[in-house]
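Spelled out from the first residue to the last, the chains are:
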Amino acid sequence: MPFKSPASFSKTDLSKGLQTLGKLWNKGLLPKDLERHYFLHWFVVCDGNILQTARILRTHRNTIQGHFLDLGYSKRSVRLRHAWAEKTEKTKGTFESNFLDFYHQFGGKPKFTTEENKALIALWKTRFDFKTLSSHYLLWALRSGKSKDWVQKKLDYSNRHRIRLLTGLLQPKNRDGFWLSVLKPSSQEIYSARYRNILSKAGKS
């Protein structure tokens, strides 16, 4: 589906969430390590309804089901739904604390601190796209001085794919460019000096 930005969301939650992502990348986590937390969050928010989850995330239900299959939940959706309902009925904790317990109950690895969990949930609530995690990771790696080879080993991305995602950050109207515009990515850091020179001669920068 074409990207459509949310009508409204907390920019504070977005900024804090992006800062938390940077800290998690520094710990050695990868975007795929947040898959379980992300999709379990939306599963419980949507009361275990896969179709509703797909509508909220503006994707196909098969995409959501694919993630649940990868996470080993393909035949456990009813159990997950009942477990969440039971937890919220029996405890008086906050949504964040209940969800962290629920996440750990159903194979929640890696472990997150209370504050990390809270920041991630706030970030997900902005409708932040799961795919944008990879682009954020690439920008973090670039600003952290990581080499192309290092990134390739971590994400199994070709250099061409890496550059394609990074250049997309310079377009604030597309998905990744919109969500990461607060980080102010620039052509100076994304393009090599040689390529910037080519663009300059062509009158494109």
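Provided above is the structure to which this section pertains.
Residues numbered from 1 in each chain as written. Predicted model: local features only at pLDDT ≥ 70, side-chain atom pairs only at ≥ 80, totals over all residues. Heavy atoms only, no water.

Novice: I keep staring at the overall build of the chain and nothing clicks. Help me out?
Specialist: Secondary structure summary: the chain contains 13 helices and zero strands in total. Each helix and strand of the chain, ordered N terminal to C terminal, gives the series α-α-α-α-α-α-α-α-α-α-α-α-α. Here the chain has a C-alpha radius of gyration of 19 Å; the compact-globule value for 205 residues is 17 Å, and the two agree. In terms of its C-alpha atoms, the chain occupies a principal-axis envelope of roughly 65 × 35 × 30 Å. Here the chain holds 205 residues, and 41% of them are scored as buried. Carbon together with sulfur atoms contributes 49% to the accessible area of the chain, which is approximately 12000 Å² in total. (Helix = DSSP H or I, 4+ residues; strand = E, 2+ residues; numbered from the N terminus. Rg over C-alpha atoms; globule rule 2.2 N^0.38 Å. Buried < 20%, exposed > 50% of the residue type's maximum accessible area, 1.4 Å probe, protein only. Areas by Shrake-Rupley, 256 points an atom, 1.4 Å probe, with all protein chains shown as cover.)

Novice: When you look at helix 2 (residues 35-45) in this model, what are you seeing that I'm missing?
Specialist: Residues that lie three or four places apart on an α-helix share one face, since the helix turns once every 3.6 residues. Within helix 2, 10 of the 11 residues are buried, which leaves the element mostly enclosed by the surrounding structure. Of the surrounding secondary structure, the elements contacted by the buried residues of helix 2 are helix 3 (50-56), helix 4 (61-70), helix 5 (77-90), helix 6 (95-105) and helix 7 (114-125). Looking one or two residues beyond helix 2, the residue adopting positive phi is aspartate 47, at roughly 55 degrees. (Contact = heavy atoms within 4.5 Å.)

Novice: What is the right way to look at the packing of helix 2 against helix 4 in this model?
Specialist: Each pair of packed helices can be described by the angle between their axes along with the distance between the axes. Running from amino to carboxyl end, helix 2 crosses helix 4 at an angle of 125 degrees, the nearest separation of the two axes being 10 Å. Judged on the interaxial angle alone, helix 4 and helix 2 are oblique. For the pair helix 2 and helix 4, the sense of crossing is left-handed. For the pair formed by helix 2 and helix 4, the contact residues are Glu35, Phe39 and Phe43 on the first element and Ile64, His67, Phe68 and Asp70 on the second. The residue makeup of the contact of helix 2 with helix 4, split by class, is four nonpolar, one polar and two charged. (Axes fitted to C-alpha atoms, helices over the stretch in contact; angles between N-to-C directions. Parallel < 35°, antiparallel > 145°, perpendicular 65-115°, else oblique. Left-handed = near helix turned anticlockwise from the far one by under 90°. Nonpolar A, V, L, I, M, F, W, Y, C, P; charged D, E, K, R; others polar.)

Treat this as a map of the structure, not an account of what it does.
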